[in-house]
Amino acid sequence: MQIRPILAALRRHRLATMLVALEIALACAVLCNACFLIANRVALLHVVSGVDETALATVQLTGYEDSHAVDLNARVLAGLRSIPGMQSVSVLNSIPFGARRGTAGITLDMAGQHFGGVVEFYVGGPGSMQALGLHVTSGRAPQVDDFRTFEGLMPTDASVQITRSLAEHLWPGTDPLGKDFWLDKWHYRVVGVIDHLVRPDPSNWQGDSKDWSIFVPALPGKYLAGSYLLRADPKDISRVLRDARTTIAKIAPDAVFDEEGSKTLSDLRTDSFRQDRAMVGMLVGVIIALLLVTALGIVGLVSFWVAQRRKQIGIRRAIGATRADILNYFQTENFLIVTFGIVLGMLLAFALNLLLMKHYELPRLPLYYLPIGALILWGLGQLAVLGPALRAAAVPPVVATRSV
Amino acid sequence: MFGYYLDLALRSLTRSKVLTALMVLAIGLGIGASMTMITVLHVMSGDPLPGRSNQLYYPQLDPLPLKYQQSAYGPDPRLNFTWPDAMALLAAHRAERQAAMAGGALLVRPAQTGLRPFYVDGRYATTDFFAMFGVTFLRGQGWSGADDDGRARVVVLSEKLSRKLFGTNDSVGRTVRFGDADLRVIGVSADWQPQPMFYADASAKVFDDADQFFLPLSTALDLKFDTNSNQSSWSSFEGDMKSPVLTWLQVWVQLKDAGQVAAYRQFLIDYSAQQKALGRFERPPTQARLYGLMSWLDRQNLVPADVRLQLWLALGFLLVCMINIVALLLAKFLRRSGEVSVRRALGARRRDIFLQFGIESAVIGLAGGVLGLVIAQLGLWSVRHRPDDYAHLAQMDVSMLIGTFVLAVLASVLAGLLPAWRACRVAPALQLKTL
């Protein structure tokens, strides 16, 4: 390919060439980082909850008096269990994607010197762990005598199950079973490891810490009431929740049915990621607009060049160049400019990523984003140049013989 | 000359319609996206109490022990006050007005049938709250200092809540059941919604609904009403809200002039020194601070990271659009080298050529501004449909409307500078020869 004459021609349009290359470079930097941001958000949207969301719903009650809590639990559990199609009803303080009632910092020693991290305590009554559908990968699930009554936020001494990612964070590389940790003066011992159990608010947490949860078995009572986990066949779950609402109005008129909090877990999941979906939409819009503007810029500039070089094109055609040669010329020229832009753009992309890492807690941009971004921009450049280049190829050789 | 150049610009722009349309589209998209996000940022960082905000100050003390380590996750305990400190500041009466407050969500049980119990957000405060923030009353009035001391069972309702409960804004003297307590309505305030709700602590949804009720802080404490402010303690407080190791209250003071501000700052330092002498504070008294309302809001950083990121994206996009326009204008202007040379040969100065092309760029900017305005309105419409608490604020005001055109013309003129400069440097002789 005749690259030398192309370079010579470009040297005569240094400024315009630089501008297009700069535009491509900026587009490349924004494209790579925006795609990376989208990938991060999409990964968040698909976070593994570890629970059988489609089969679960929750009922949140408030407004009852503390002294009625035990009685309320009994009435609600019995009442909801009588709903046709209901597989199980249990009490659980925090709900994945829903109510958050057990976020606290733990330490790995009794003196509170070695900070472990901020985790979510799921305090659940009998049956709640099976209802969630948690998989115990090592150790054991809670047994009957693990469920105890308590006062305050949660049991002050308990045998608990923790998620694998939390175990890996607290005791990397060692067996977590039998290990102890503390919440202020309260003591907990790990007896089981579960696959996954997402926090109620995964959007607010980075990386693996989305999954730092602990299941604490406890008996329902004054301090564990009003938050219920319903399990039914996925086909029935919406209907079961509707029935639960009418049932509650009958059996617990003293309590307030929390409309916002009482939903199926699938709906709660959708709600909790609404902002992230809006952000993905916005980023996709920016990318499309950016590519569009870049392409239009190339079309405009190359059209101008084609018009300017009509005579030269005519001369080249007259002395034997084929249409394909002319087409190739403009395509190669575009390829060179875009390549130059991409090289610059990769540096810019990394600089931008460093900035984002500093201010927005974003991880490092994986290298494979760069070739993908380069391919997109090469493709875009070729597509944009095609129209003007075809017009250039259509210039008849006779133009050469016409004087101006 | 201006009219002539304008005429030339319009002729030139209509000659190559596609290129003109491309440039207008590029600047319109860039301006539209940028103005959408600038407007969102503008409404989020606006003055919540125009005319009053310059007199309102937020004091800050540092009661933390020396060895306290701030966790990366939790809020800074010093953003709020302990009960003893707040009460000491109030009792000292060193400011024109001063009030302590905390937010709370309470269950209201309507007396009439047909209305289910519901939760409503409100504020527990001390007597100066209304006068200091300029809350207007439709009926009745706020409570007195004596009511504060006597833990009076009284409440002020917003007009909205009054209408919801009683169907009228005249509910003074009626009784409302909050939680398990009956409170007598002594006033109905006009709906009052400073944006952002600057006086709430940062855990609140500060762009969301306004407070619907106000009741004395002492009464709330007496009735054990829960607060929804951040509660931070650095040693065991055993559920005692009056504990000196638990911060949960906000304190605002009104100061008239710079003299009062300096005096109050000194008072805070003296108070801290006194507490340190008593052994309660461990850190240097100079840690005490006094923030003006707007600088306090700046510190709170109410604009979410996502919004800031979107603003940068939009501005980056505008930059790409501008580079695009520079390239297109360069092509366009240099294409007319012949025309420029004729004008130069006939006696036009370089500065005339520069002005001519500058005006042409500005015309493109104006057209782009109109398109940008339409796109920004579309953008704001989509922002209003976002599930965020600030969404409903996304409206353009006059300053943003003017700002759109200023930004559009500025961007296009800036983009036109380099091409216009190149065009006016064209050597006439060389061009004329080839004509």
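Residues numbered from 1 in each chain as written. Chains lettered and ligands numbered in written order. Predicted model: local features only at pLDDT ≥ 70, side-chain atom pairs only at ≥ 80, totals over all residues. Heavy atoms only, no water.

Participant: Just to check I follow, could you spell out the overall build of chain A for this structure?
Facilitator: Broken down by element type, chain A carries 11 helices and 11 strands. Over its C-alpha trace chain A gives a radius of gyration of 32 Å, far above what one expects of a compact globule, namely 22 Å for 404 residues. In terms of overall dimensions, chain A has a C-alpha envelope of 100 × 50 × 30 Å along the principal axes. Considering only residue pairs separated by 6 or more positions, chain A has 81% of its internal contacts joining residues 24 or more positions apart. (Helix = DSSP H or I, 4+ residues; strand = E, 2+ residues; numbered from the N terminus. Rg over C-alpha atoms; globule rule 2.2 N^0.38 Å. Contact = heavy atoms within 4.5 Å.)

Participant: Looking at this structure, I do not really get the domain arrangement of chain A. What am I missing?
Facilitator: Reports often express the size of an interface as the amount of accessible area lost when the parts come together. By domain assignment, chain A separates into domain 1 (3–45 + 275–401) and domain 2 (64–254). Between the C-alpha centres of domain 1 of chain A and domain 2 of chain A the distance comes to 53 Å. (Domains from an automatic or database assignment.)

Participant: Just checking my understanding: could you explain the packing of helix H10 (residues 305–335) of chain B against helix H13 (residues 398–424) of chain B for this structure?
Facilitator: When two helices pack together, their arrangement is given by the angle between the helix axes and the distance between those axes. Residues and elements named next belong to chain B. H13 packs onto H10 with a crossing angle of 40 degrees between their chain directions and a minimal axis gap of 8 Å. With respect to each other, H10 and H13 are oriented oblique. Crossing geometry of H10 relative to H13 is assigned as right-handed. Across from Leu 318, Met 322, Ile 325, Val 326, Leu 329, Leu 330, Phe 333 and Leu 334 in H10, the residues of H13 making contact are Leu 407, Ala 411, Ser 412, Leu 414, Ala 415, Gly 416, Leu 418, Pro 419, Ala 420, Arg 422 and Ala 423. When the residues that make up the contact of H10 with H13 are grouped by side-chain class, the tally is 16 nonpolar, 2 polar and 1 charged. (Axes fitted to C-alpha atoms, helices over the stretch in contact; angles between N-to-C directions. Parallel < 35°, antiparallel > 145°, perpendicular 65-115°, else oblique. Left-handed = near helix turned anticlockwise from the far one by under 90°. Nonpolar A, V, L, I, M, F, W, Y, C, P; charged D, E, K, R; others polar.)

Participant: How do you make sense of the packing of helix H9 (residues 310–318) of chain A against helix H10 (residues 323–360) of chain A when you look at a structure like this?
Facilitator: Residues and elements named next belong to chain A. One can describe the packing of H9 onto H10 by two numbers: an axis separation of 9 Å at closest approach and a directional angle of 140 degrees. As judged from the angle between their axes, H9 and H10 are oblique. The interaxial crossing formed by H9 with H10 has right-handed handedness. Here Ile 313, Arg 316 and Arg 317 of H9 lie close against H10, whose contacting residues are Arg 323, Asp 325, Ile 326, Tyr 329 and Phe 330. Split into classes, the residues belonging to the contact of H9 with H10 amount to 4 nonpolar, no polar and 4 charged.

Participant: Sorry, what's going on with the interface of chain A and chain B here?
Facilitator: Across the boundary between the two partners, chain A contributes 38 residues, which contact 36 residues of chain B. Together, the buried faces of chain A and chain B total about 3,400 Å²; carbon and sulfur atoms form 76% of this surface. Contact with chain B buries area across many residues of chain A, yet Val293(A), Phe304(A) and Tyr360(A) alone supply 17% of it, more than any other trio. Applying the counting criterion to the chain A and chain B interface returns 1 salt bridge. For Asp306(B), the salt bridge goes to Arg41(A), with nearest N and O atoms at 2.7 Å. With 18 residues, the single largest contributor to the side of chain A that touches chain B is helix H8 (residues 274–308) of chain A. Its residues assigned to classes, the side of chain A that touches chain B shows 27 nonpolar, 6 polar and 5 charged. (Buried area = accessible area lost by both parts, 1.4 Å probe. Salt bridge = Lys/Arg side-chain N within 4 Å of Asp/Glu carboxyl O.)

Participant: How should I be thinking about the nonpolar core in this particular structure?
Facilitator: One finds Leu377(A), Phe129(B), Phe133(B), Leu157(B), Phe178(B), Phe213(B) and Trp252(B) to be the most contacted residues of the largest nonpolar core, which totals 198 residues. Sorting elements by how many residues they give to this core places H10(B) first, with 19 residues. Residues in contact with Phe133(B), not counting those within four places in the same chain, are Leu49(B), Arg52(B), Leu56(B), Met101(B), Trp192(B), Phe198(B), Tyr199(B) and Trp252(B). In this structure, Phe121(A), Val160(A), Val216(A) and Leu230(A) belong to the second largest nonpolar core, which totals 49 residues. (Core = buried A, V, L, I, M, F, W, Y, C linked by side-chain atoms within 4.5 Å. Buried < 20%, exposed > 50% of the residue type's maximum accessible area, 1.4 Å probe, protein only.)

Participant: What is the right way to read the pairing of strand E9 (residues 213–217) of chain A from this model?
Facilitator: Moving residue by residue along a regular strand, the side chains alternate between the two faces of the sheet. Residues and elements named next belong to chain A. Burial of E9 is extensive: 5 of the 5 residues sit out of reach of the surface. Residues Ser 213, Phe 215 and Pro 217 point to one face of E9 and Ile 214 and Val 216 to the other, with burial holding for every one of them. Examined bridge by bridge, strand E4 (residues 115–124) and E9 share 5 bridges and lie parallel to one another. Bridge pairing links Val 123 to Val 216 in E9. (Pairing = 2+ DSSP bridges.)

Participant: Before we go on, may I ask you to explain unusual backbone geometry in this structure?
Facilitator: In most cases, non-glycine residues show a negative phi, while peptide bonds are predominantly trans. Between Gln195(B) and Pro196(B) the backbone carries a cis peptide bond, its omega angle lying at -5 degrees. With a phi close to 55 degrees, Asp184(A) is a non-glycine residue in the positive phi region. One can find Asp184(A) in the loop between strand E7 (180–183) and strand E8 (186–194). You will see that Lys224(B), though not glycine, has its phi angle at about 55 degrees, which is positive. Along the polypeptide, Lys224(B) turns up in the loop between helix H7 (217–222) and strand E10 (232–233).

Participant: Can you help me understand the environment of Ser53(B) in this one?
Facilitator: Residues and elements named next belong to chain B. Among the secondary structure elements, Ser 53 is positioned in the loop between helix H2 (17–44) and strand E1 (56–60). Every residue in contact with Ser 53, bar those within four places of it in the chain, is listed here: Asp 47 and Leu 293. Within the structure, the side chain of Ser 53 is placed 2.7 Å from the side chain of Asp 47, a separation counted as a polar contact. (Polar contact = N/O pair within 3.5 Å; in protein donor to acceptor, adjacent residues only side chain to side chain.)

Participant: Could you clarify how one ought to interpret the pattern of salt bridges in this entry?
Facilitator: Side chains carrying opposite charge are able to pair once their charged atoms draw close together. Enumeration over the complete set of coordinates arrives at 32 salt bridges over all chains. Put simply, Arg140(A) and Asp146(A) hold a salt bridge, and the shortest N to O gap is 2.6 Å. You can call Arg140(A) partly exposed: its relative accessible area is 26%. Residue class for Asp146(A) comes out buried when judged on its relative accessible area of 10%. Between Arg280(B) and Asp85(B) there is a salt bridge whose closest N-O contact spans 2.9 Å. Placement of the pair is Arg280(B) in the loop between helix H8 (258–277) and strand E12 (289–292) and Asp85(B) in helix H3 (residues 83–92), with a sequence separation of 195 residues. With relative accessibility at 27%, the residue Arg280(B) sits in the partly exposed group. Through salt bridges with shared partners, a single ionic network connects Asp62(B), Asp76(B), Arg78(B) and Arg283(B).

Participant: Which parts of the structure should I look at to understand the packing of aromatic side chains?
Facilitator: The description of two aromatic rings rests on the distance between their centres and on the angle between their planes. Scanning the entire structure with this criterion turns up 34 aromatic pairs over all chains. Ring centres 5.5 Å apart and planes at 45 degrees place the aromatic pair Tyr291(B) and Trp296(B) in the tilted group. You can call Tyr291(B) buried: its relative accessible area is 13%. Here the basic side chain of Arg199(A) rests over the ring of Trp205(A), its NZ or CZ set 3.6 Å away from the ring centre. Looking at Lys164(B), its charged tip hangs above the ring of Phe118(B), at a distance of 3.9 Å from the centre. (Phe/Tyr/Trp six-rings, centres within 6.5 Å; stacked < 30°, edge-to-face > 60°. Lys NZ or Arg CZ within 6 Å of the ring centre and 35° of its normal.)

Participant: What should I look at first to understand the environment of Glu238(B) in this one?
Facilitator: If you trace the backbone, Glu238(B) turns up in the loop between E10 and strand E11 (246–254). Here Glu238(B) falls in the exposed class, since its relative accessible area comes to 73%.

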